[in-house]
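# Results of the structural survey
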Amino acid sequence: VKPDLDLTLSSTGSVVEYGELEQIPLLINARFHWWADIPKVGLYAGGGVGYFVNDFTASSTLRDLYPGVSVDADNSLGALVAVGVEYFITPKWALNVDLKYIYNPVDFLQTQPGVSPSAFDLNLSTFLGGVGIKYYF
């Protein structure tokens, strides 16, 4: 995942591109399945934890505005909850809809020559929805 982050400058109120955060999530989930009264429909709910490997690259605009600036994003821990429904087309094939909320706070440290380091955190929590096809072995 590579979201772009923007920054509002307090001095001018203008918005500039701050940089790009690359995240590699390592997630562990557990799901509980139960079957509805409708024979071909299955419901599930679950949760889990995750470790996010974070790498931040400051934008050229930020580097031009603040020469020598460096921004580091710490790796982070997160948690998730998920719910979904599956509709079985055949005994082995199913269509599914999955909804997931991932809680993910990330700590940042901005340094620049001649300026005191600035630490801040961002809540990068996300709500994801997906539609898919599953094959059960």
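Definitions and cut-offs
Residues numbered from 1 in each chain as written. Predicted model: local features only at pLDDT ≥ 70, side-chain atom pairs only at ≥ 80, totals over all residues. Heavy atoms only, no water. Helix = DSSP H or I, 4+ residues; strand = E, 2+ residues; numbered from the N terminus. Rg over C-alpha atoms; globule rule 2.2 N^0.38 Å. Buried < 20%, exposed > 50% of the residue type's maximum accessible area, 1.4 Å probe, protein only. Contact = heavy atoms within 4.5 Å. Areas by Shrake-Rupley, 256 points an atom, 1.4 Å probe, with all protein chains shown as cover. Lys, Arg positive; Asp, Glu negative; His and termini not counted. Charge placed at Lys NZ, Arg CZ, Asp CG, Glu CD. Patch = residues over 30% accessible without salt bridge, like charges linked within 9 Å, V, L, I, M, F, W, Y side chains within 5 Å. Salt bridge = Lys/Arg side-chain N within 4 Å of Asp/Glu carboxyl O. Polar contact = N/O pair within 3.5 Å; in protein donor to acceptor, adjacent residues only side chain to side chain.

From N to C terminus, the chain includes one helix and nine strands. Overall, the chain shows an N-to-C arrangement of helices and strands of β-β-β-α-β-β-β-β-β-β. Relative to its length of 137 residues, the chain is extended, with a C-alpha radius of gyration of 21 Å against a globular reference of 14 Å. Its C-alpha atoms put the chain at 65 × 25 × 25 Å along the principal axes. The buried share among the 137 residues of the chain stands at 28%. Long-range contacts, defined here as pairs at least 24 residues apart, represent 60% of the contacts in the chain between residues at least 6 apart. On the chain, roughly 8800 Å² of surface is accessible, and the fraction owed to carbon and sulfur atoms is 62%. Across the chain, the mean location of the 7 positive side-chain charges is 18 Å away from that of the 14 negative side-chain charges.

Moving on, we get to a nonpolar patch on the surface. On the surface, a cluster of nonpolar side chains totalling about 840 Å² of accessible area is made up of Val81, Val83, Val85, Val97, Leu99, Tyr101, Tyr103, Phe127 and Val131. Only β5 (76-88), β6 (93-103) and β9 (126-135) provide two or more residues apiece to the nonpolar patch. Within the secondary structure, Phe127 is located in strand β9. By relative accessible area, which is 59% here, Phe127 ends up exposed.

Now for a negative patch on the surface. The grouping of Glu22, Asp55, Asp72, Asp74, Asp107 and Asp121 at the surface amounts to a negative patch. Of note, Asp74 is situated in the loop between β4 (70-73) and β5.

Assignment of secondary structure puts Ser76 in strand β5. At a separation of 3.2 Å, a polar atom in the side chain of Ser76 contacts the side chain of Asn54. A polar contact of 2.9 Å, which involves the side chain of Ser76, links it to the side chain of Asn104. Beyond its immediate chain neighbours, meaning those up to four positions away, Ser76 contacts Gly50, Tyr51, Phe52, Asn54, Asn104, Pro105 and Val106.

Another aspect to go through is the environment of Val106. When you line up the elements, Val106 lands in strand β7 (residues 105-112). In contact with Val106, not counting residues within four places along its chain, are Gln23, Asn54, Ala73, Asp74, Ser76, Phe120, Asp121, Leu122 and Leu124.

Right, let's get into the side chain of Glu86. As for its position among the elements, Glu86 is in strand β5. Residue class for Glu86 comes out buried when judged on its relative accessible area of 0%. A distance of 2.6 Å separates polar atoms of two side chains, one belonging to Glu86 and the other to Lys134. Not counting residues within four places of it along the chain, the set of residues in contact with Glu86 comprises Arg31, His33, Lys40, Val41, Gly42, Tyr44, Ala94, Leu95, Asn96, Lys134 and Tyr136.

Interpretation in functional terms is not warranted from these geometric data alone.
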